[in-house]
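Structure at a glance
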Amino acid sequence: MSIFTPTNQIRLTNVAVVRMKKGGKRFEIACYKNKVMSWRSGAEKDLDEVMQTHSVFVNVSKGQVAKKDDLCKAFGTDDLTEICKQILAKGELQVSDKERQSQLETMFRDIATIVAEKCVNPETKRPYTVNLIERAMKDIHYSVKANKSTKQQALEVIRQLKETMEIQRAHMRLRLVLPAKEGKRLKEKLKPLLQVVESEDFDEELEMVCLVDPGCYREIDELIRCETKGRGSLEVLNLKDVEEGDEKL
């Protein structure tokens, strides 16, 4: 698809248009295909790699640039980079039905892959295959949301699958090293966040190896950093507490 923009005489090729309605008006930005989803998933962080131009249009295909007054009224700013980021995050990617279907199928597979990587059967500690997770997602009629990242949706899928099958986030194995002075007191504060304490060694400092829910990692990290003023440490030993081999139904 090639779009000619008479306002600046630039021929935009390979265009993906992201459209947003705000304040009763339509605004569009011109992006590179395949980059919009990369930006939304966090894989791409350079805005210049996503945007063909930092202009905001009323109509990309006709090259009609939005008026500054309209942008200020709708977005409360005339900062084009900031406005582009808003449209990129919340706007609707304009694609053909065939492209949209292909995109949703790819996202469905990606979500299933993330779930399979992060989860195990709690009874056997074995991971599920991607195909099995895909079947389970179809059974619960999970509908992919094109404007949400696959990582966010994977967490939502895990929540929904828990209602129909034995599944849980794989435990993360951590080594905690705490100064002797704060060790005992801090251990009590950490206790509710630890699933299993595998080993504990109290010499000049307290060293513990434990299993935790990955969702608690940030809280544990902040607690250790704040309470020990940077003297304690936290190390990820591995991301999974799993047995070898895939889980079969």
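From a predicted model like this one, the values you see are computed outputs, not experimental measurements. (Residues numbered from 1 in each chain as written. Predicted model: local features only at pLDDT ≥ 70, side-chain atom pairs only at ≥ 80, totals over all residues. Heavy atoms only, no water.)

Things to note about the pairing of strand 11 (residues 194–202)
- Relative to strand 12 (residues 205–212), strand 11 runs antiparallel, the two sharing seven bridges. Among the inter-strand pairings, Ser-199 is bridged to a residue of strand 12, identified as Val-209.
- Between strand 11 and strand 12, which pair antiparallel in sequence order, lie two residues. (Pairing = 2+ DSSP bridges. Helix = DSSP H or I, 4+ residues; strand = E, 2+ residues; numbered from the N terminus.)

Notes on helix 6 (residues 130–139)
- Every buried residue belonging to helix 6 is among Leu-132, Ile-133, Glu-134, Ala-136 and Met-137, and all of these are buried.
- Tucked into the core, helix 6 has its buried residues touching helix 5 (97–118) and helix 7 (150–161).
- Following helix 6 by one or two positions, His-141 adopts a phi angle in the positive range, close to 55 degrees. (Buried < 20%, exposed > 50% of the residue type's maximum accessible area, 1.4 Å probe, protein only. Contact = heavy atoms within 4.5 Å.)

Details of the packing of helix 5 against helix 7
- Closest axis-to-axis distance for the helix 5/helix 7 pair is 9 Å, and the angle between their directions is 65 degrees. Between helix 5 and helix 7 lies a crossing of right-handed hand. Touching Met-107, Asp-110, Ile-111, Ile-114 and Val-115 of helix 5 are Thr-150, Lys-151, Gln-153, Ala-154, Val-157, Ile-158 and Leu-161, all from helix 7.
- The class makeup of the residues in the contact of helix 5 with helix 7 is eight nonpolar, two polar and two charged. (Axes fitted to C-alpha atoms, helices over the stretch in contact; angles between N-to-C directions. Left-handed = near helix turned anticlockwise from the far one by under 90°. Nonpolar A, V, L, I, M, F, W, Y, C, P; charged D, E, K, R; others polar.)

Some words on the side chain of Arg-169
- Checked against the element boundaries, Arg-169 lands in strand 9 (residues 168–169).
- For the buried residue Arg-169, which engages in no salt bridge, the nearest side chain bearing the opposite charge is Asp-213, 4.9 Å off.
- What Arg-169 contacts, discounting residues up to four positions off in sequence, is Lys-118, Cys-119, Leu-155, Ile-158, Pro-214 and Gly-215. (Lys, Arg positive; Asp, Glu negative; His and termini not counted. Salt bridge = Lys/Arg side-chain N within 4 Å of Asp/Glu carboxyl O.)

So, a negative patch on the surface
- Taken together, Asp-201, Asp-203, Glu-204 and Glu-205 make up a surface patch of like negative charges.
- For Asp-203, the position within the fold is in the loop between strand 11 and strand 12. (Patch = residues over 30% accessible without salt bridge, like charges linked within 9 Å, V, L, I, M, F, W, Y side chains within 5 Å. Areas by Shrake-Rupley, 256 points an atom, 1.4 Å probe, with all protein chains shown as cover. Charge placed at Lys NZ, Arg CZ, Asp CG, Glu CD.)

What to know about the pairing of strand 3 (residues 15–22)
- Pairing of strand 3 with strand 4 (residues 25–32), which is carried by eight bridges, proceeds in the antiparallel orientation. Counterpart to Val-18 in the pairing with strand 4 is Ile-29.
- Following strand 3, the chain reverses through two residues before pairing antiparallel with strand 4; Gly-23 in that reversal takes a positive phi of roughly 60 degrees.
- For strand 3 and strand 7 (residues 92–94), the ladder comprises three bridges, and the chain directions are antiparallel. Residue pairing in the sheet places Val-17 in a bridge with Gln-94 of strand 7.

Side note on the side chain of Thr-228
- Mapped onto the elements of the fold, Thr-228 is located in helix 9 (residues 217–228).
- Among the polar contacts made by the side chain of Thr-228, one reaches the main-chain amide nitrogen of Gly-232 at a distance of 2.9 Å.
- Apart from residues lying up to four places away in sequence, Thr-228 is in contact with Pro-179 and Leu-186. (Polar contact = N/O pair within 3.5 Å; in protein donor to acceptor, adjacent residues only side chain to side chain.)

Some words on unusual backbone geometry
- Even without being a glycine, His-141 presents a positive backbone phi close to 55 degrees.
- Note that His-141 resides in the loop between helix 6 and helix 7.

So, to be careful, I would describe these as geometric facts and stop short of saying anything about function.
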